[in-house]
Amino acid sequence: MSDRLFIFDTTLRDGEQVPGCQLNTIEKIEIAKALEMLGVDVIEAGFPVSSPGDFNSVVEISKAVTWPTICALTRAVENDIRVAAEALKYAKHKRIHTGIGTSDYHIRHKFNSTREEILERAMACVKYAKSFVEDVQFYAEDAGRTDNEYLARVVEAVIAAGATVVNIPDTTGYCLPWDFGEKIRYLMENVRNVDKATIAIHCHNDLGMATANTISAIRNGARQAEVTINGIGERAGNTSLEEVVMTCKCHKELDIESNINTQRIYSTSRLVSSLMNMPVQANKALVGRNAFAHSSGIHQDGVLKNRESYEIIDPKDVGIDENSILLTARSGRAALKHRLHILGIDIDKEALDKAYESFLLLADRKKEITDDDILIIAGKHKGANRRLKLDFLQVTSGVGVHSVASVGLDIAGEKFEACASGNGPVDAAITAVKQIIHRHMVVKEFLIQAMNKGSNDVGKVHITVEYDGAHYYGFSANTDIVAASCEAFIDAINKFVK
Ligand code: KIV
Ligand code: ZN
């Protein structure tokens with residue numbers, strides 16, 4: 001029988017640290033439930049001491065999810081651990097993830113400490129966490145750059161102190177696959193009590209090696225992989241769940257199996273991308289728009305004769321059904337409900353009615369409605385209670401004329417209007433909004449993206465606005481890209497105008 005690989009998902013903790021990807025509790029619960037259906041073993045739900053919002057999310061996810069273990073992150077600090085234990089109160093299976101930096105960079109520069117002192121603190125935090133929960137995971141931050149001999153001493157000590165899982169992170173994404181594999185082998189061979197705990201790995205993708213390092217570690221004895229959906233995470237991201245799971249499935253010689261229902265990979269990927277407003281790059285392995293698209297004549301010819309000539313994975317294995325029924329203006333409410341269910345979203349009758357209205361409006365403007373469109377429609381009504389809303393927008397633009405925009409805003413029920421010109425329709429619309437709001441706001445980032453193909457496609461707009469020294473993120477999607485830009489700007493303003 002193959003060995004079991006435990007999948008620890010940190011989309012809601014490491015993934016959520018990405019600027020602009022912050023979720024509210026309801027959205028986090030939605031993702032946690034999708035992760036449960038996907039079959040992950042552990043959900044890292046947050047870092048409870050970091051904010052009341054994070055604390056509350058861990059509490060609510062603990063109540064909402066049944067099978068996976070719910071994990072909460074802490075530093076090697078007693079108060080962090082106490083708060084994490086409190087946040088995990090309702091979890092059916094709970095784990096505290098505590099730890100400290102073990103590389104000399106961390107020991108000397110971050111803690112101004114010594115290896116012996118850090119070893120003591122590592123054991124102490126595990127023992128303290130153990131006084132609250134049975135399942136304690138220790139992380140040796142920057143283990144990728146930690147001296148192997150010292151790392152082995154730390155791992156042995158924390159297992160003796162009661163750690164059930166020991167996480168070896170490549171925090172900076174520095175390691176090469178053969179060196180990282182060697183590190184795991186060294187631990188497997190030199191830590192005397194290694195059989196009393198599971199060795200986990202947590203790789204970052206700064207050099208694009210996260211999946212390679214994870215697979216190399218698994219090959220050398222690691223049995224828990226820490227991953228995120230779509231590989232999101234700090235800087236260049238974390239190891240992606242889909243890549244690790246499908247590599248293990250494709251390469252039988254690794255002789256390892258996870259509990260993941262791979263046919264739910266695609267829908268989970270879409271859900272996370274949509275709720276976090278984080279586009280998936282078109283050529284992203286397994287879940288990108290082009291992952292299974294063959295455009296060159298030679299490839300198409302080969303695929304038509306025999307798929308396996310150019311395809312190592314059947315797209316259906318990750319839940320991409322190319323023959324799935326496309327929704328159009330003629331699709332009924334039941335078809336929309338069914339598609340939402342497949343995408344991991346179950347909504348009540350009232351929300352379905354509203355979503356169906358938006359669906360019909362969009363279907364009037366666009367021939368085929370994609371999964372991305374549906375996720376955006378489902379998410380649109382969440383903003384219904386915002387203080388600022390776009391009431392109307394009219395623009396005149398073209399070649400040889402000035403762009404002019406008239407904008408109407410509804411601010412907590414009161415109506416305001418302004419008219420402005422600009423070097424293009426988006427500039428004119430944003431200037432008009434600024435005239436109404438009267439605050440010094442600077443657009444720092446602005447990205448317009450078509451989601452699929454065709455001139456009738458929905459455009460997504462991501463915007464970052466600087467106000468009073470802080471950055472605020474806004475998002476919108478609309479077939480009219482000037483309207484989407486104006487709505488995204490208003491979405492960002494809603495985050496600071498109370
Ligand atoms: O990258 C890292 O080292 C981490 C730890 C907190 C596990 O995210
Ligand atoms: Zn990390």
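Our structure's up above, just so we're on the same page.
Calculation notes
- Residues numbered from 1 in each chain as written.
- Chains lettered and ligands numbered in written order.
- Predicted model: local features only at pLDDT ≥ 70, side-chain atom pairs only at ≥ 80, totals over all residues.
- Heavy atoms only, no water.
- Phe/Tyr/Trp six-rings, centres within 6.5 Å; stacked < 30°, edge-to-face > 60°.
- Helix = DSSP H or I, 4+ residues; strand = E, 2+ residues; numbered from the N terminus.
- Buried < 20%, exposed > 50% of the residue type's maximum accessible area, 1.4 Å probe, protein only.
- Lys NZ or Arg CZ within 6 Å of the ring centre and 35° of its normal.
- Pairing = 2+ DSSP bridges.
- Axes fitted to C-alpha atoms, helices over the stretch in contact; angles between N-to-C directions.
- Contact = heavy atoms within 4.5 Å.
- Near = heavy atom within 4 Å.
- Polar contact = N/O pair within 3.5 Å; in protein donor to acceptor, adjacent residues only side chain to side chain.
- Areas by Shrake-Rupley, 256 points an atom, 1.4 Å probe, with all protein chains shown as cover.
- Right-handed = clockwise from strand over helix to strand, strands pointing away.
- Core = buried A, V, L, I, M, F, W, Y, C linked by side-chain atoms within 4.5 Å.
- Donors = N, O, S within 2.8 Å, 3.2 Å for Na, K, Ca; no water.
- Nonpolar A, V, L, I, M, F, W, Y, C, P; charged D, E, K, R; others polar.
- Left-handed = near helix turned anticlockwise from the far one by under 90°.

1. So, the packing of aromatic side chains
In this structure the tally under the stated criterion is 3 aromatic pairs. A centroid spacing of 5.2 Å and a plane angle of 80° characterise the contact between Tyr128 and Phe132, whose relative ring orientation is edge-to-face. A centroid spacing of 5.7 Å and a plane angle of 25° characterise the contact between Tyr356 and Phe359, whose relative ring orientation is stacked. Of this pair, Tyr356 and Phe359 are both found in helix H13 (residues 349-365), 3 residues apart, which corresponds to roughly one turn of the helix. Here Tyr356 and Phe359 have matching classes, each one buried. Of note, Lys63 hangs over the ring of Tyr90, and the distance from its end group to the ring centre comes to 4.8 Å.

2. Brief notes about the sheet that holds strand S11 (residues 388-396)
Reading across from one edge, S11-S12-S13 is the order of the 3 strands in this open sheet, with antiparallel pairing throughout. Edge positions in the open sheet fall to S11 and strand S13 (414-422), since each of these has one partner strand only. Taken over all neighbouring pairs, the strand axes of this sheet differ in orientation by 15° on average, direction set aside. When S11 meets strand S12 (residues 403-411), the two strands line up antiparallel, connected through 8 bridges. Across the sheet, residue Thr396 finds its bridge partner in S12, namely Val404. Its contacts with the sheet put helix H16 (residues 481-494) on S11 and S12, and the angle it makes with S11 is roughly 150°.

3. Describing the site of ligand 1
With respect to spatial proximity, the complete set of residues near ligand 1 consists of Arg13, Asp14, His97, Tyr139, Glu141, Asn167, Pro169, Thr171, His202 and His204. A distance of 3.0 Å separates an oxygen atom of ligand 1 from a polar side-chain atom of Arg13. Asp14 is positioned with one of its side-chain polar atoms (N or O) 3.2 Å from an oxygen atom of ligand 1. Bound to the protein, ligand 1 loses 92% of the 260 Å² it would expose on its own. Counting only elements with at least two residues in the shell around ligand 1, the list comes to strand S6 (135-141) and strand S7 (165-170).

4. Digging into the pairing of strand S4 (residues 69-73)
Buried residues dominate S4, accounting for 5 of its 5 residues. Sheet topology places strand S3 (residues 42-46) next to S4; 4 bridges connect them, and they run parallel. Bridge pairing in S4 places Glu44 opposite Cys71. Taken together, S3, helix H2 (residues 52-64) and S4 constitute a β-α-β crossover, and its handedness is right-handed. Examined bridge by bridge, S4 and strand S5 (residues 94-101) share 4 bridges and lie parallel to one another. Its bridge partner being in S5, Ala72 is matched across the sheet by Ile96. With respect to chirality, the unit in which S4 leads through helix H3 (residues 78-87) into the neighbouring parallel S5 is right-handed.

5. Digging into the nonpolar core
Ranked by internal contacts, the top residues of the largest apolar core, which has 117 residues, are Ile7, Phe138, Val155, Val166, Ile168, Leu241 and Leu336. Setting aside residues up to four positions removed in sequence, Ile7 forms contacts with Val40, Asp41, Val42, Ala225, Val227, Leu241, Val245, Ser258 and Ile260. Ile411, Ala428, Ile463 and Ala484 belong to the second-largest nonpolar core, a separate cluster that totals 30 residues.

6. Examining the coordination of the zinc ion (ligand 2)
Summarising the metal site, the zinc ion (ligand 2) is bound by the protein donors Asp14 (OD), His202 (NE2) and His204 (NE2), whose distances to it range over 2.1 Å. In primary sequence terms, the donor set of the zinc ion (ligand 2) follows D-x187-H-x1-H. Of this pair, Asp14 sits in the loop between strand S2 (6-9) and helix H1 (25-38) while His202 sits in strand S8 (residues 198-203), and the two are 188 residues apart along the sequence. On the basis of relative accessibility, which here comes to 3%, the residue Asp14 falls in the buried class.

7. Looking at the packing of H2 against H3
The contact between H2 and H3 brings their axes to 8 Å, and the two run at 35°. Across the interface between the two elements, Phe55, Val58, Val59 and Ser62 from H2 touch Val83, Glu86 and Ala87 from H3. Residue composition of the contact of H2 with H3, by class: 5 nonpolar, 1 polar and 1 charged.

8. Looking at the packing of helix H15 (residues 425-437) against H16
Geometrically, a packed helix pair is captured by the angle between its two axes and the distance between the axes. The contact between H15 and H16 brings their axes to 9 Å, and the two run at 30°. Both H15 and H16 take part in a crossing whose hand is right-handed. Of H16, the residues touching H15 (which contributes Pro425, Val426, Ala429, Ile430, Val433, Lys434 and Ile437) are Val482, Ser485, Cys486, Phe489, Ile490 and Ile493. For the contact of H15 with H16, a count of residues per class yields 11 nonpolar, 1 polar and 1 charged.

9. What about the pairing of S6?
Burial within S6 is extensive, with 6 of its 7 residues counted as buried. Here S5 runs beside S6; their pairing, made up of 7 bridges, is parallel. Bridge pairing in S6 places Gly99 opposite Tyr139. For the crossover from S6 across helix H6 (residues 148-160) to S7, the handedness is right-handed.

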